[in-house]
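Fold and contact review
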2 protein chains.
Amino acid sequence: MNLVLLFKNDFINDAGRIRLEGRRFKHMIEVHRVAIGDQLRVGLAGGLIGTGRVISLDDTSLEMDVSLIDTPPAALPVTLILALPRPKVLKRVLLSATAIGVKKIILLNSYRVEKSFWQSPVLHPESLQRQVVLGLEQSCDTIFPELFMKPLFKPFVEDELPVLIKNTLPLVAHPVAQETCPRDIRSPVTLAIGPEGGFIPYEIDKLISCGLKPVHLGERILHVEAAVPSLLARLF
Amino acid sequence: MNLVLLFKNDFINDAGRIRLEGRRFKHMIEVHRVAIGDQLRVGLAGGLIGTGRVISLDDTSLEMDVSLIDTPPAALPVTLILALPRPKVLKRVLLSATAIGVKKIILLNSYRVEKSFWQSPVLHPESLQRQVVLGLEQSCDTIFPELFMKPLFKPFVEDELPVLIKNTLPLVAHPVAQETCPRDIRSPVTLAIGPEGGFIPYEIDKLISCGLKPVHLGERILHVEAAVPSLLARLF
């Protein structure tokens, strides 16, 4: 937690006094070992970042006076389309992608996505929100990514993807592609990443005929936890 | 498992016949659903890669005839120095770094590394080997990385690091560095990455006075699982 993410209902007066209990309080006590007078980086969900000074603390809560003056870090201009990973992997990838600065994540079905993944409690809104909050706290950001579920591959690719990729560089990570992933793109990108085992040929063909360009990262096939940061670090 | 990693004692004759039981057999049956006649990518630990054709299978084992003809993918010319992460994170980072092609990994102590991490069973040689094998199987590689434990920061940095960084670009990832991490380096790099919370100022000063250049990846502070692939994808 490099930033304490605050929500409107943490505020107890109009002068910037907030009160925290629960997970954030516990983390600040146990990990940061805060004492009265300590200053920490804070940010308001959806808003500015700044500092908070600990004013009082007891066994279950603390209060801080916060001052919010800075803009959060810039977002990456990317829409990330991910074949839904297995639940444990999804949790980590959501955290990472959020920390790296992705603001639009589409979870897509694919032939090699197990049906049970769509039933996972990890997809419950509170669980998704938890991972996203951890990612924002990690990277000192306050702007939540938008998450979309697309459990039907074909209608998404045929009806929505053509609109989505307009005015972006549309790429699909594909280990057997001819071209390597470009570097240091300074304009918007739409990036699709397949499931373990990859998109099947039918899916790759659909994505290509929609306009996505297959690109690879070299001879090595990476798991999605490594592929997401690797591709994003290369692109931006 | 994009490649079945074989060891010398899997061979049951000199003509390239191998027999597998246990984890690899189970994975091939349950995940790849192999049948007699199927061809899979295989590689010999420390050696060539090629294909294996399933010749026979029963409830607990299978046999393949393998032909090893190709060289494994190129290694990254990097020495990765990692402040020892917490055990669960270490497992994932070892797998990722191996999959990405790192061949020399040094696990270093640092002020913010909890002492208990050095006692973790994850550091047992069999446990380390398991993660490395998973990384090689992921990325179709056969060449094991070398792993070194350096539980004393100062003697390592004073006595060993100056020799290690010779003829390399020596970098330390440091979120508050002045310069951004360079891109597309085609020569050897030594890359140090701190613990959660970062190297303390004393440690950063020691690393800098040894010749390491602090570099950052932008305003965002990444956790080590995302920082390792991000930095390596940017450098190479």
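Residues numbered from 1 in each chain as written. Chains lettered and ligands numbered in written order. Predicted model: local features only at pLDDT ≥ 70, side-chain atom pairs only at ≥ 80, totals over all residues.

**Structural notes on the overall build of chain A**
The condition that has to hold: Numbering of helices and strands runs from the N terminus; a helix is a DSSP stretch of H or I covering at least four residues, while a strand is a stretch of E covering at least two. To sort residues by burial, count the other C-beta atoms lying within 10 Å of each one's C-beta; a count of 20 or more means buried, 12 or fewer means exposed, and anything in between means partly exposed. C-beta atoms are built from the backbone. Contact between two residues is assigned when their C-beta atoms, built from the backbone, lie within 7 Å.
Assigned secondary structure in chain A consists of six helices and twelve strands. Here the C-alpha coordinates of chain A stretch approximately 60 × 40 × 30 Å along the principal axes. Every one of the 236 residues in chain A was classed for burial, and the buried ones make up 42%. Within chain A, contacts between residues at least 6 apart in sequence are counted, and of these 70% link residues at least 24 apart.

**A word on the domain arrangement of chain A**
All names here are of chain A. The criterion, for reference: Where a domain begins and ends is set by an automatic assignment or by a domain database. Each residue gets one label: Ala, Val, Leu, Ile, Met, Phe, Trp, Tyr, Cys and Pro are nonpolar, Asp, Glu, Lys and Arg are charged, and the others, such as Gly, are polar.
Looking at the assigned domains, one finds that chain A contains domain 1 (4–70) and domain 2 (78–235). Centre-to-centre, using C-alpha coordinates, domain 1 lies 33 Å away from domain 2. Each partner contributes to the interface: domain 1 provides eight residues, whereas domain 2 provides seven residues. For the side of domain 1 that touches domain 2, the element with the highest residue contribution is strand β3 (residues 39–44), accounting for three residues. For the side of domain 1 that touches domain 2, the residue count by class is four nonpolar, three polar and one charged.

**Describing the packing of helix α4 (residues 153–164) of chain B against helix α5 (residues 201–210) of chain B**
Residue and element names in this part refer to chain B. For clarity, the threshold we go by: For helices, the axis comes from a line fit to the C-alpha atoms of the stretch in contact; other axes are also lines fit to C-alpha atoms, and the angle between any two N-to-C directions lies between 0 and 180 degrees. Geometric relationships in this document are graded by angle, where less than 35 degrees denotes roughly parallel, more than 145 denotes roughly antiparallel, 65 to 115 denotes roughly perpendicular, and other angles denote oblique.
At a closest axis distance of 10 Å, the pairing of α4 and α5 adopts a crossing angle of 10 degrees. Considering their axes alone, α4 and α5 lie roughly parallel with respect to each other. Two secondary-structure elements touch here, α4 through Phe-153, Val-157, Leu-161 and Pro-162 and α5 through Glu-203, Lys-206, Leu-207 and Cys-210. Along the lines of polarity and charge, the residues of the contact of α4 with α5 split into six nonpolar, no polar and two charged.

**So, the sheet that holds strand β4 (residues 49–57) of chain A**
By definition, the strands of a sheet pair up through backbone hydrogen bonds, in either a parallel or an antiparallel sense. All names here are of chain A. Selection criterion: Two strands pair if DSSP finds at least two bridges between them.
Taken in spatial order, the five strands of this open sheet run β1-β3-β4-β5-β2, and their pairing is mixed. Here the strands that pair on one side only, and so sit at the sheet edges, are β1 (4–6) and β2 (17–21). Geometrically, the sheet is characterised by an average inter-axis angle of 40 degrees between neighbouring strands, direction not taken into account. Contacts from helix α1 (residues 22–30) reach β1, β2 and β5 (61–70), with the element oriented near 90 degrees to β2.

**Quick word on the relation of the copies chain B and chain A**
Worth spelling out the cut-off: To line up the copies, we fit them by least squares on C-alpha atoms, keeping just the residues with pLDDT of at least 70 in both.
Rotating chain B by 180 degrees and translating it 0.0 Å along the rotation axis places it on chain A, where the RMSD comes to 0.0 Å. Classification of the inter-copy transformation places it as that of a two-fold axis.

**Focus: unusual backbone geometry**
Residues and elements named next belong to chain A. Positive phi values are uncommon outside glycine, yet Arg-33 reaches one of about 50 degrees. Mapped onto the secondary structure, Arg-33 falls in the loop between α1 and β3. C-beta crowding within 10 Å serves as the criterion here: with 8 such atoms nearby, Arg-33 is assigned to the exposed category. The phi dihedral of Asp-184 is positive, around 55 degrees, even though this residue is not glycine.

**Brief notes about the interface of chain B and chain A**
Listed per partner, the contact involves 24 residues of chain B and 24 residues of chain A. The element best represented in the side of chain B that touches chain A is helix α6 (residues 224–235) of chain B, accounting for six residues. Classifying every residue of the side of chain B that touches chain A by side-chain character gives nine nonpolar, seven polar and eight charged.

**Quick word on the sheet that holds strand β11 (residues 189–193) of chain A**
Spatially, seven strands are ordered β8-β7-β6-β11-β9-β12-β10 (chain A) in an open sheet, and the strand pairing comes out parallel. The outermost strands of the open sheet, each flanked by one partner alone, are β8 (146–150) and β10 (179–180) of chain A.

**Remarks on the pairing of β11 of chain A**
Residue and element names in this part refer to chain A. With five of five residues buried, β11 lies mostly within the body of the structure. Burial along β11 is two-sided: the face carrying Val-189, Leu-191 and Ile-193 and the face carrying Thr-190 and Ala-192 are both buried. Note that strand β6 (residues 78–83) and β11 share five bridges and pair parallel. Across the sheet, Leu-80 pairs through a bridge with Leu-191, a residue of β11. With five bridges joining them, strand β9 (residues 169–173) and β11 adopt parallel strand pairing.

**Notes on helix α2 (residues 87–100) of chain A**
Quick note on the threshold: In this scheme, a helix's expected span is set at 1.5 Å multiplied by one less than its residue total.
The terminal C-alpha atoms of α2 of chain A, which comprises 14 residues, lie 20 Å apart, in line with the 20 Å expected from a rise of 1.5 Å per residue. By the criterion of burial, α2 of chain A is predominantly enclosed, with ten of the 14 residues buried. For α2 of chain A, the complete set of buried residues consists of Leu-90, Arg-92, Val-93, Leu-94, Leu-95, Ser-96, Ala-97, Thr-98, Ala-99 and Ile-100 of chain A. Looking at the buried positions of α2 of chain A, the neighbouring elements they touch are β6, β7 (104–108), α3 (125–139) and α6 (224–235) of chain A together with α6 of chain B. One or two positions beyond α2 of chain A, positive phi appears at Gly-101 of chain A, with a value near 115 degrees.

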